[in-house]
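Here are the chains, one letter per residue:
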Amino acid sequence: MLIVAALQVAGAPGRRTPTLVVHITVDQFRADYLDRWRPQLTGGLAWLLRHGAVFTHAYQDHAMTETAPGHATMLSGRNPHATGIVRNDQGVSDTTAAGRLVGAMGPGASPWRFRGTELFDWIAARYPDARALSVSRKDRAAILPVGRARQPVYWYAFGRFTTSRYYEDTLPDWVKAFNLAMVPARAPGRRWNLLLRPSAYPEPDSEPYENNGRGVTFPHDLPADSFPASIMVMATPFMDSLTLAFALDGVNQRQLGRGPAPDLLAISLSATDAVGHAFGPDSREIHDQVLRLDRYLGQFLDSLFRLRDPRRIVISLTSDHGVTSYVQWSRAHGDPEARDVRADTLIRAVEAALEARAGSGRWIRWFELGMLVMDRPGLEAKGVDVDSVVANLATRVRALPGVARVDTPRGLASADTARDAVARRWLNAIPPDLDVELCVTLRPHDVWGPTIEAEHGQPSEDDAHVALIIAGAGVRPGRYAKRMQVADLAPTLARLIGVEPLEKLDGRVLTEALAR
Ligand SMILES: [Zn+2]
């Protein structure tokens, strides 16, 4: 890594407005990952830890801790109750013409469900010439950090970076060229081996439950054939390297950070999530993934600092959610009761009973990650006493082994949200126009089943506590242990670049981390 001593004087009087905000999301980056392997970090994560304001108690302070709600929160300054992005299944999917992908196969996507504004809208309100670029392997992770802005937004679909018609009708030449040259060069025949010697990894390499029982040990090889390799690369560290190379190309092509307006580069790196789901947060694979991510980020920042004046860059790094250990791991490491909890039989029985009373219909809209949404007006119109149906179900769900608590929105409304983090996180997850009937929370090491992967989605410490670092122009480096929420990031970045939010936020400016 370059030693950017100049950054130390960035807080000095007379500093100029930053010309580039680089927002990096590491998907499924639990807070403890930064400390667990700290002595082995030498690249971008090490640089951020040394030069940044490190928030050790940062939370995605909402329930339904998934990719879409997490990404909608970080640059909007608002939790899902306000962004309307409650869960992945109602994130960015769009089956209309606007959602159609450009030159690629795959599910349509656009930000049509997203409500309100984000950091880039605030920038553009003051600086109409400001530019943004958002890239990720995942559609939702590329789209949601810039809200509804029609700026270039690209994600990876079946072996190439693409966008949807909401943004553009054709791909620019640089994106086409990157797809032709870089994707086939980086995946086929690659071998994922350990970065360091095996004794540097305390984690066991081989646990039978990992990766659905297949290929649980190093090395992990990609096929020689380019199409399957371009798909399978998504589950390896190489995907992050590819995404960062694409982002850097975009900085050049879009001339981001040349000023005078502050531009926004949003990058969401998805490989940690893929590796974490398949192998779990306690695996040798996740350890190696984080080390490789650190090296890739180091190369990326080195290249960026050669292209643009580091004294005029603000960098943030955070995550959309954490992850819970495999229940098999938890059982062997201090929680013999850990389990996956299944409520599908109960829910199906209620569905059948409602159909018998009210006729066929989608009376239960969904029961996912503990959130039950019903068609209350429809059922009431059919004369069904919804309160008694819900109360009855609540009693039966509460009796399931692994269920810690069952709340109703009405009960949550009178909770002490300063002390009761679970109640607060559920309230932060529920938009006013959603008919949520029950909020079911599991014990800390339990997950909703059936599942063959390590999972997230609970309003728990493991799933909500994430890494958060802000570095660069105007930031006071240090470690900050006060509890904060990821929704604080957007107003803080706004303050650093001198723009004002356009609406009421959940987050506050982290003034303690600003250079005076
Ligand atoms: Zn995930």
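First, a word on scope: everything that follows refers to the structure included in this document. Quick caveat: nothing in here was measured; it's all calculated off a predicted structure. (Residues numbered from 1 in each chain as written. Predicted model: local features only at pLDDT ≥ 70, side-chain atom pairs only at ≥ 80, totals over all residues. Heavy atoms only, no water.)

A few points about the overall build of the protein chain
If you tally the helices and strands in the protein chain, you get 19 helices and 20 strands. Its C-alpha atoms give the protein chain a radius of gyration of 23 Å, within 12% of the compact-globule value 24 Å for 516 residues. Dimensions of the protein chain along its principal axes, counting C-alpha atoms only, are 70 × 50 × 45 Å. Split into buried and exposed, the 516 residues of the protein chain put 60% on the buried side. Contacts in the protein chain between residues far apart in sequence, at least 24 positions, make up 76% of those at least 6 positions apart. Carbon and sulfur atoms form 51% of the exposed surface of the protein chain, whose accessible area is close to 19700 Å². (Helix = DSSP H or I, 4+ residues; strand = E, 2+ residues; numbered from the N terminus. Rg over C-alpha atoms; globule rule 2.2 N^0.38 Å. Buried < 20%, exposed > 50% of the residue type's maximum accessible area, 1.4 Å probe, protein only. Contact = heavy atoms within 4.5 Å. Areas by Shrake-Rupley, 256 points an atom, 1.4 Å probe, with all protein chains shown as cover.)

Quick notes on the coordination of the zinc ion
Taken together, Asp273 (OD), Asp273 (OD), His277 (NE2) and His456 (NE2) make up the full set of protein donors to the zinc ion, lying 2.1 to 2.8 Å away. Geometry at the zinc ion is irregular, judged from the four donor atoms that bind it and their angles of 51 to 161° at the metal. Mapped onto the sequence, the donors of the zinc ion take the spacing D-x3-H-x178-H. With Asp273 and His277 both in helix α10 (residues 271-279) and four residues apart, this pair spans about one turn of that helix. A residue is classified by how much of its surface remains accessible, and Asp273, at 6% relative accessible area, is buried. Residue classification places His277 among the buried residues on the basis of a relative accessible area of 11%. (Donors = N, O, S within 2.8 Å, 3.2 Å for Na, K, Ca; no water. Tetrahedral: all angles 85-135°; square planar, octahedral: opposite > 155°, others 65-115°.)

As for the packing of α10 against helix α11 (residues 284-307)
At a closest axis distance of 9 Å, the pairing of α10 and α11 adopts a crossing angle of 170°. Here α10 is positioned roughly antiparallel relative to α11, judged by the angle of their axes. Residue-level inspection shows Ala271, Thr272, Val275, Gly276 and Phe279 of α10 in contact with α11, the latter providing Glu285, Ile286, Gln289 and Leu293. Taken together, the residues that form the contact of α10 with α11 break down as five nonpolar, three polar and one charged. (Axes fitted to C-alpha atoms, helices over the stretch in contact; angles between N-to-C directions. Parallel < 35°, antiparallel > 145°, perpendicular 65-115°, else oblique. Nonpolar A, V, L, I, M, F, W, Y, C, P; charged D, E, K, R; others polar.)

A closer look at helix α3 (residues 67-74)
An α-helical turn contains 3.6 residues, so a residue and the one three or four places further along point in the same direction. Of all eight residues that make up α3, eight are buried, and the element is covered over most of its length. Taken together, the buried positions of α3 are Thr67, Ala68, Pro69, Gly70, His71, Ala72, Thr73 and Met74. Contacts made by the buried residues of α3 are with β1 (20-26), α4 (80-83), α6 (139-143), β9 (263-269), β10 (313-318) and α19 (489-497).

Let's talk about the sheet that holds β9
An order of β6-β5-β4-β9-β1-β10-β18-β2-β19 is seen for the nine strands of this open sheet, with the pairing classed as mixed. In the strand order of this sheet, the two ends are held by β6 (160-162) and β19 (478-480), each with one partner. Pairwise comparison of adjacent strand axes, ignoring direction, gives a mean angle of 15° for this sheet. Relative to β10, β1 is paired through six bridges, and the arrangement is parallel. The residue of β10 that forms the bridge with Thr25 is Thr318. (Pairing = 2+ DSSP bridges.)

Structural notes on the nonpolar core
By size, the foremost hydrophobic cluster in this structure holds 72 residues, and its most contacted members are Val22, Phe29, Leu265 and Phe300. Here this core takes 10 residues from α11, the largest share from any one element. Excluding anything up to four places from it in sequence, Val22 contacts Leu265, Ile267, Phe300, Leu304, Ile313, Val314, Ile315 and Ser316. The next biggest cluster of nonpolar side chains, apart from the first, holds 53 residues, and it includes Phe55, Ala261, Tyr480 and Leu510. (Core = buried A, V, L, I, M, F, W, Y, C linked by side-chain atoms within 4.5 Å.)

Looking at helix α5 (residues 119-126)
Regarding α5, the residues found buried are Leu119, Phe120, Trp122 and Ile123. Seen from one end, α5 has its buried residues packed into an arc of 160°, which puts them on one side. (Arc of directions from axis to C-beta.)

Details of a nonpolar patch on the surface
Taken together, the side chains of Met105, Phe158 and Phe227 present a nonpolar region at the surface, about 330 Å² in accessible area. Residue class for Met105 comes out exposed when judged on its relative accessible area of 56%. (Patch = residues over 30% accessible without salt bridge, like charges linked within 9 Å, V, L, I, M, F, W, Y side chains within 5 Å. Salt bridge = Lys/Arg side-chain N within 4 Å of Asp/Glu carboxyl O.)

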